[in-house]
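# Coordinate analysis (summary)
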Amino acid sequence: MNDNEERVFFFRERLAEISRRCFDRGLVGGSGGNISVRIPDTDTVLITPSGLSLGDVEAGTNILCSLDETILESLGGFKPSKELSFHLSVYRLRSDVQAIVHVHPPYATAYSNVGSPLPMVTVSARAKLKEVPCIESAIPGSADLRRLVCEGIERYPQVTALLMKEHGILALGPDLQAAFYVADLVEDTAKVAFLVANIPVSKS
């Protein structure tokens, strides 16, 4: 195994690890969600496969592709996530983004249905997320969804996360761990916001 193959295998393993952590954390259910990572200093990306639970992702099931959507390596014969197009578009638009976590956590997804930005109800949220705008959504895997994601990234060039109406969240980071932390914090913030909104205010 040459140096490049070793590096790709390292990221295959990291992508599998973060995928399983997202599933175990309850950030996604069933076979939903998709995660990707850009191989540093290259125009290649690893993405999770279509039709497989993130809880079952292994190093060999991830697909290596180029930024122009060419499939370069699929060890298990899997197809890439149907959201490959918008993942690659984000990498082309944001050079600082090296990993993307798209998941469907319940509280954040519930807030996405409202179509408003996520309430920044904690000190951590305001310091680390700053804002989480909401973008419109479309049929998964469609050109319309890719366009809406691109428009959101262009409209909010500094954000690390977006709510996707009636769909889930898009978390961005300089590496896989950072993107996972963003997704986790978005869901935790949404849960706290829901609790705050439903706690009776004392009249005393």
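About the thresholds
- Residues numbered from 1 in each chain as written.
- Predicted model: local features only at pLDDT ≥ 70, side-chain atom pairs only at ≥ 80, totals over all residues.
- Heavy atoms only, no water.
- Pairing = 2+ DSSP bridges.
- Helix = DSSP H or I, 4+ residues; strand = E, 2+ residues; numbered from the N terminus.
- Disulfide = S-S within 2.5 Å.
- Buried < 20%, exposed > 50% of the residue type's maximum accessible area, 1.4 Å probe, protein only.
- Arc of directions from axis to C-beta.
- Contact = heavy atoms within 4.5 Å.
- Axes fitted to C-alpha atoms, helices over the stretch in contact; angles between N-to-C directions.
- Parallel < 35°, antiparallel > 145°, perpendicular 65-115°, else oblique.
- Left-handed = near helix turned anticlockwise from the far one by under 90°.
- Nonpolar A, V, L, I, M, F, W, Y, C, P; charged D, E, K, R; others polar.

### Things to note about the pairing of strand β4 (residues 71-74)
Both strand β3 (residues 63-66) and β4 contribute to a ladder of 3 bridges, which runs antiparallel. Following the sheet pairing, I63 is matched in β4 by S74. Between β3 and β4, which pair antiparallel one after the other, the connecting turn spans 4 residues, and E69 there sits at a positive phi close to 75°.

### Points about the state of the cysteines
Think of a disulfide as a covalent bridge from one cysteine sulfur atom to another cysteine sulfur atom. In this structure the tally under the stated criterion is 0 disulfides. C22 carries a free sulfur, and the closest cysteine sulfur to it, the one in C65, is 18 Å from it. Free of any disulfide, C65 has its nearest neighbouring cysteine sulfur in C150, separated by 15 Å. Overall, C65 belongs to the buried group, its relative accessible area being 0%.

### Details of helix α3 (residues 106-114)
If you check which residues of α3 are buried, you get A108, T109, Y111 and S112. Angularly, the buried residues of α3 cover 160° about the axis, an arc narrow enough to put them on a single face. As for α3, its buried residues are in contact with β6 (134-135), β7 (161-164), β8 (168-173) and α6 (176-198). G115 lies just past α3 and shows a positive phi near 80°.

### Thoughts on the packing of α3 against α6
Running from N to C, α3 and α6 point in directions that differ by 65°, and their axes come no closer than 7 Å. Between α3 and α6, the crossing angle belongs to the class labelled roughly perpendicular. Along this stretch, α3 crosses α6, giving a crossing that reads as left-handed. Taking contact as the criterion, the partners of P106, Y107, A108 and Y111 in α3 are, on α6, V186, E187, A190, K191, A193, F194 and A197. The residue makeup of the contact of α3 with α6, split by class, is 9 nonpolar, no polar and 2 charged.

### Quick word on the packing of helix α2 (residues 84-93) against helix α5 (residues 143-155)
A pair of packed helices can be characterised by two numbers: the angle between their axes and the separation between those axes. One way to put it is that α2 packs onto α5 with a least axis distance of 9 Å and a crossing angle of 25°. As judged from the angle between their axes, α2 and α5 are roughly parallel. α2 and α5 meet at a crossing whose hand is right-handed. Where α2 abuts α5, its residues S85, F86, S89, V90 and L93 lie against L145, R146, V149, C150, I153 and E154.

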